[in-house]
Amino acid sequence: MGIFSNTISAGAGKDSVHEVQGGRGGDLRAEEKRFLKDNGFLSVADYSTPADLDELRGLINQILNDHELAQKTTVRDLTGQDTLAIREIVSPSKLQPKLLETRVYRRAMAITEALFGPGASLAFDHIIDKPPHNDKETAWHQDSAYSSMLSLSAKRLHWWVPIQDVDENNGCMAYVPGSHRGPRVKHVPVAPGAHTLKIADTDFADKAHYCAVPAGAACMHLPRTLHYTGPNRSNAPRVAWIFQIVVRSKIPQWV
Ligand SMILES: O=C(O)CCC(=O)C(=O)O
């Protein structure tokens, strides 16, 4: 795959190669790759151009404003209660396939293929919406806790793209550096009968690195990286589109 500084090439497992002009290229810089490999996460502040962000925001807001959303896809509360304090909208790209044509997504495909090789595809996506003045946290967890397949198919990169600025006050991503190299930790449901999992013993939390980033930035992590987002104490919703990209392989590889 050809990667040029101002051009994205993302074959995405198809024969055709899409190209997008503008913005940063379709590959990480050498120091970013090193950081991701060593720490199991990376945030890229200059990921989107203003036009890229407008494109993404428009599509996400269309979904959020759809009053019949709950009839079209699974909408659930990640707190395990029925308050929608942390609203998860499952598979938004099935509701709005144009999400997969955005420059934000195509650049992510190109970057994932540049890291792991050709044949990247979408494994899962969701939107997480934390309403304002909200004391609920997305508990510490590893994505690999949700499926042993996720540990085995380790050529995966999990992307988190906020559509507003984020910091510790409104629930930015926090990661424990180096945790991608550790074991899969024991998880328990966040509430009795809940789908969402958490790690009960969070001694490691004081080692966390909080990624305060602007709207349209990209945070990314590996399947075993320990991560968390805090409460949204701001006056505005905190919304992120999250997508997991996989290059299927029998051979695990951590980057
Ligand atoms: O947005 C959030 O609150 C949590 C996101 C998360 O846990 C993830 O992307 O795996």
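If you're wondering where the values come from, they're calculated on a predicted model, not measured in any experiment.

*Asks:* Pulling in residues and values, what's your account of the overall build of the protein chain?
*Replies:* A count of helices and strands for the protein chain gives 6 helices and 15 strands. A total of 255 residues make up the protein chain; the buried ones form 42% of that total. Long-range contacts, defined as pairs at least 24 residues apart, comprise 79% of the intrachain contacts of the protein chain with a sequence gap of at least 6.

*Asks:* Describe the site of the ligand, listing the residues and the values that go with them.
*Replies:* Surrounding the ligand, one finds Ile128, Thr138, Asp143, His158, Trp160, Gly171, His227, Thr229, Ala240 and Ile242. Put simply, the parts of the chain that give the shell around the ligand at least two residues each are strand E8 (156-162), strand E14 (227-229) and strand E15 (238-247).

*Asks:* So what's going on with the sheet that holds strand E4 (residues 75-77)? Residues and values would help.
*Replies:* The strand order across the open sheet built from 7 strands is E3-E13-E8-E15-E6-E5-E4, with neighbouring strands paired in antiparallel fashion. Either end of the sheet is taken by a strand with one partner, and the two such strands are strand E3 (41-44) and E4. Between one strand and the next, the sheet's axes are offset by a mean angle of 20 degrees, whatever the strand orientation. The pairing of E8 with strand E13 (residues 218-221) spans 3 bridges and is classified as antiparallel. Looking at the pairing, tryptophan 159 lines up with methionine 220 of E13. Helix H2 (residues 50-64) contacts strand E5 (87-90), strand E6 (120-130), E8 and E15 of the sheet and is inclined by roughly 110 degrees relative to E15.

*Asks:* Could you give an account of the sheet that holds E14, with specific residues and numbers?
*Replies:* Reading across the sheet, the 4 strands line up as E7-E14-E9-E12 and stay open at both edges, with antiparallel pairing between neighbours. In this open sheet, the two strands that pair with only one neighbour each are strand E7 (138-141) and strand E12 (209-211). Adjacent strand axes in the sheet meet at a mean angle of 20 degrees, parallel and antiparallel pairs treated alike. Sheet topology places strand E9 (residues 173-175) next to E12; 3 bridges connect them, and they run antiparallel. Looking across to E12, one finds that tyrosine 175 is bridged to histidine 209.

*Asks:* I'd love a proper account of the environment of methionine 109, names of residues and values included.
*Replies:* Within the element layout of this structure, methionine 109 appears in helix H5 (residues 103-116). For methionine 109, a count of 26 C-beta atoms within 10 Å translates into the label buried. Sequence spacing of methionine 109 and aspartate 27 is 82 residues, and the spatial spacing of their C-alpha atoms is 9.6 Å.

*Asks:* Tell me about the environment of valine 161, and name the residues and values.
*Replies:* Tracing the backbone shows valine 161 in strand E8. With 56 residues separating them along the chain, valine 161 and alanine 217 place their C-alpha atoms 5.9 Å apart. What valine 161 contacts, discounting residues up to four positions off in sequence, is Leu56, Val104, Gly216, Ala218, Ala240 and Trp241.

*Asks:* Explain the environment of asparagine 235 to me, using residue names and the numbers behind them.
*Replies:* Within the secondary structure, asparagine 235 is located in the loop between E14 and E15. Overall, the presence of 8 C-beta atoms within 10 Å leaves asparagine 235 in the exposed class. In sequence terms asparagine 235 and histidine 133 are 102 residues apart; their C-alpha atoms lie 6.3 Å from each other.

*Asks:* With reference to specific residues and values, describe unusual backbone geometry.
*Replies:* The backbone of leucine 84 sits at a positive phi, close to 55 degrees, despite the residue not being glycine. Within the element layout of this structure, leucine 84 appears in the loop between E4 and E5. Here the phi dihedral of serine 91 falls at roughly 55 degrees; this positive angle occurs in a residue that is not glycine. Here serine 91 shows up in the loop between E5 and helix H4 (92-95).

Analysis parameters
- Residue numbering note: each chain is counted from 1, following its sequence as written.
- Local features in this predicted model are restricted to residues of pLDDT 70 or higher, and side-chain atom pairs are both shown and tallied only at a pLDDT of 80 or more, whereas totals for entire chains, interfaces and linings draw on every residue.
- Secondary structure elements follow DSSP: runs of H or I of four or more residues count as helices, runs of E of two or more count as strands, with numbering from the N terminus.
- Burial is judged by counting other C-beta atoms within 10 Å of a residue's own C-beta: 20 or more means buried, 12 or fewer means exposed, and anything between counts as partly exposed, with every C-beta placed from the backbone.
- A residue pair is marked as a contact if its C-beta atoms, positioned from the backbone, fall within 7 Å.
- Being near a molecule or strand means, for a residue, that its backbone-placed C-beta atom lies within 6 Å of it.
- Should DSSP find at least two bridges between two strands, the strands are regarded as paired.
- Axis definition: a line fit to C-alpha positions, over the contact stretch in the case of helices; interaxial angles, taken between N-to-C directions, run 0 to 180 degrees.

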